[in-house]
Amino acid sequence: MSLKKKFLELKEQLSKHNNAYYNATTLISDLEYDRLKSKYEQFLQENPKFAKLDNLGVGAKPSSKFKKIKHISPMLSLANSFNLDDLTDFFDKAENFLNKKISKNEFIVDCKIDGVSLSLTYQNNKLVKSLTRGDGIIGEDVTRNVSNIIGIPKKLKYCKSNLIEIRGEVFFNREDFDSLNKQLEEKSKFSNPRNAASGSLRQIDNSVTENRPLRFIPHGYGHISNDNEFITYENFLEFCSKNEFLLSKLSKKLNNYENIDIYINEIEKFRNEIPFDIDGMVIKVNNIKDQIDLGNTSKYPRWALAAKFDAEKALTKVLNIDLQVGRTGAITPVARLNPINIGGVMVSNATLHNFDEIKKKDIRINDSVWVKRAGDVIPYISKVEKTKRTKNSLVFKIPTYCLCGKFKIIKTEGETVQRCGGGIKCTYQYIESLKHFVSKKAMNIDGLGDKQIEKFIELKFISRKLDIYYLSNFQKEITDLEGFGLKSYENLIQSIEKSKKTTLSRFLFSLGLRYVGENNSELLANYFQSTENFKKLIKSKNLYLELENIDGLGTKASNSFIEYFKNKDYLSESISILNLLDIEIIKDNNSLSNESILFTGTLNELSRDRAKDLAKKKGFKIASNVSNKLNYLVYGEKPGSKLKKAQELKIRTLTEKEFLKLIN
C-alpha cells in the first residue's frame, strides 16, 4: 500500500470517529480514539508532505439541523500528554519557540471536564450568542437552548470588554445523569454523561434542553475586545467567579513539572469523588502575554496541554460484593462499584473471578480499588489502593451455601471456580440456562431478554425450555404486561417462529451443557448430521465409544453430554423441541472439511462471529488455540502472541482478505 493511500485511509477512519465522538454516538473507546488520533498525528510528523491533505479540523461538521455561524476566533482543541516526559517535552518546545523561559515558570492546572464544548458571546455584557465547537471554525447556533443551563449568567456584572467569547464545557453531574437515564425508555438511555450532554444540548425542541439539569464551567476565552481585561489566566478565573460562572474549585497554580505531575496523579486518585466526569487535567501557561507570544498551530494552542488519565483504568469504591450463579453452577463474586467512567463507558460492576482472587488481592467492601477495562474485556479489579483504606473496610466472608439456599458450594479438585452442587435443581442455574437457550449464539430469540425471562418464570408462563414455543397460549396476559402490548407480543411470537429454522449445532449449544461450547457443539452436530440420527444414536448403549472417535472432542465434553441425556426428562424435552425445529441435514462433501482454523485480532470487514460462521459453512473446524494441529490462522489488527506462535510453528497465516479469497 502506498504512503498516500495509507494516510487517506487513516484520515477517513479518524474523520468517522471524530464525527461519532462529537455527535454522541461513540463507536470506539476513548483509549482507542486517542491511539488513532496519535497515530494520525505521528504519521503527519514523519511525512510532512501530506500536511496539505490534512483538513480534518478539530471537531465535526456542524449539523444541518442548526443554523451555522462562524466563530469570531477559531475554537481549537488541545494536544494530549500521557506522562511526565510528554509534559516536559511540550513546554520545553514552548520555551524554545519563545526563546526564553515562561514568565515566572507559572502554570495553572485545572480539570479537563468530559463534556461538550460551548462558546458564549457577550456583547455589552449581555449574552447574545451560543455556539457549539462544530469543526472549530463554524459552530451550531444553540442560543435558544442555553437559557436554563446552570452556571451561564445572562449578564456580566464585571467586564471591561464590549465583546468577549467565553469558552467552556457543558456537562451533567453524575447524579443528574443517573436520574435522567431512569426517566428514559431503555432504547433512549445514554451510555455516559458526555453523550447525554451532547444529546441534550443539541435538541431542536429547546423545551427538552430546558428541562434537563445541564451545567457549564468555563475553561478559557476566545476573542476579547479589551486586551487589558486579563494579565494572567488566574485573573480570568477570578473574573469568572465574580460573574457567577461555576468553577471546578480544583485549579491550582504550580511552578514546576514534577509538582504538576504529582498533582495530576493526586486528582486521578479521587476523580470519582468529584461530582462530574473528568478525563484528565489541563495545564496552561499563566501569563497571558506568553500565551499570545506562543500563539497556536492550526489545531492546538502552544501554551496549553491536556494531561489525559489512563483511559483503561480508574479508581473507585467497592460498595458491596454480590454473588452470581451461572448456568453451570459457577459462583462468581461481583464487586458493586461507585459508578465510574472508564474510557467513555460507565462501569458500576467488576468481576472478582473467584473467591481465591478476593483473598489474593485482599479486596474488601468499602475499599478504594483500581478498575481496569481494556478493550471489550469485562471490567475487573487490578489492585486495592491501600493508602486510602479506612477502618470501615469489611472483609468479605465466603458463604457455605449457594444463593438458592438449598445446596452447598463445592470445589472440584484442580479448579479455582467453586460451584453450587444443586445442578439444574438450583433456581439460579435453571434461570440462567433458559437465558442461555434464547441467546444470540444459541436459539437467537429476540424479545426474550433477561428481564422478560425472569418475569415469565415468575408468572409461570415458562417452567422449562419447551414452554417458550407455546407462549402464544398467553397472548392476553403478555399483551397486558407493562412494557409489552400487542406489537411487542407479535414481534416475540414472530421471533420464536423464526428461531425454529436453525442448525443442529446451535440447538446443541443452546442446551448450555458444561464443556459443550460452540466448537464442541459443531463437532457433535457433524457427528449426528441430522435430527433423525440424533434421536436414534442418543439412546445407543455404545454412544460413549462412538463419541470417543470424534477428533477434538474431549472426555469431559463427552461425559457432560451423556450425563445430560441420561436424564429422561431432559431427553424427552430435547426430542420434543427438535420435533418443532426445521434443521437441515449436514452433508459432509466439502473439500476443506476437517481442516482447522483460528481467528485472532480485530477484523475490518467481518465480525468474528460472521467469519467463524463462513468458515464452518466451508467445513472448517474452529480451533481455540495455536498448536501443531492448526491448519490456518487468520489475523486482523492487534493479533497479539497467537500470530507470533503460529509463525514459529510454521502454520499458514492469512490476512482477512486472503481468508475471504480462500473460502470463495
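See the structure shown above.
Summary of the structure given here. (Residues numbered from 1 in each chain as written. Predicted model: local features only at pLDDT ≥ 70, side-chain atom pairs only at ≥ 80, totals over all residues. Heavy atoms only, no water.)

Time to look at the overall build of the chain. Helix and strand content of the chain: 23 helices and 26 strands. Taken over the C-alpha atoms alone, the chain extends approximately 95 × 55 × 50 Å along its principal axes. Classification of the 664 residues of the chain by burial places 49% in the buried group. When contacts within the chain are restricted to residue pairs at least 6 apart in sequence, long-range pairs at least 24 apart make up 68% of them. (Helix = DSSP H or I, 4+ residues; strand = E, 2+ residues; numbered from the N terminus. Buried < 20%, exposed > 50% of the residue type's maximum accessible area, 1.4 Å probe, protein only. Contact = heavy atoms within 4.5 Å.)

Bringing the environment of glycine 326 into the picture now. Take glycine 326: it is sitting in the loop between β12 (313-325) and β13 (330-342). Its relative accessible area of 24% is what places glycine 326 among the partly exposed residues. Counting along the chain gives 88 residues from glycine 326 to glutamate 238, while the straight-line C-alpha distance between them is 56 Å. Those residues in contact with glycine 326 that sit more than four places away from it in its chain are Gln429 and Glu432.

The four strands lie next to each other as β24-β23-β25-β26, forming an open sheet whose pairing is parallel. Of all the strands in the sheet, the pair left with one neighbour each is β24 (621-622) and β26 (652-654). The strands touched by helix α21 (residues 608-617) within the sheet are β23 (596-600) and β24, with β23 carrying the most contacts at an inclination of about 170°. Against the sheet, helix α22 (residues 641-648) touches β23, β25 (632-635) and β26, its axis set at about 145° to β25. (Pairing = 2+ DSSP bridges. Axes fitted to C-alpha atoms, helices over the stretch in contact; angles between N-to-C directions.)

All right, on to helix α4 (residues 174-183) then. Every buried residue of α4 is accounted for by Arg174, Asp176, Phe177, Leu180 and Asn181. In an axial view of α4, the angular spread of the buried residues amounts to 155°, which keeps them on one side of the axis. Set apart from the buried face of α4 by more than 90 degrees, the exposed residues are Glu175, Lys182 and Gln183. As for α4, its buried residues are in contact with α5 (193-201), β8 (215-224), β13 and β14 (345-351). (Arc of directions from axis to C-beta.)

Considering the arrangement of structural elements, one finds glutamine 418 in strand β20 (residues 418-420). Residue classification places glutamine 418 among the buried positions, given a relative accessible area of 15%. Beyond its immediate chain neighbours, meaning those up to four positions away, glutamine 418 contacts Gly329, Ala330, Ile331, Phe355, Ile409, Ile410 and Lys411.

Looking now at the nonpolar core. Burial of nonpolar side chains together is a common tendency in soluble globular proteins. Core analysis: the largest hydrophobic core is formed by 52 residues, its most contacted members being Phe456, Leu471 and Phe561. Grouped together as the second largest cluster of nonpolar side chains are 36 residues, Ala79, Val109, Tyr300 and Ala306 included. (Core = buried A, V, L, I, M, F, W, Y, C linked by side-chain atoms within 4.5 Å.)

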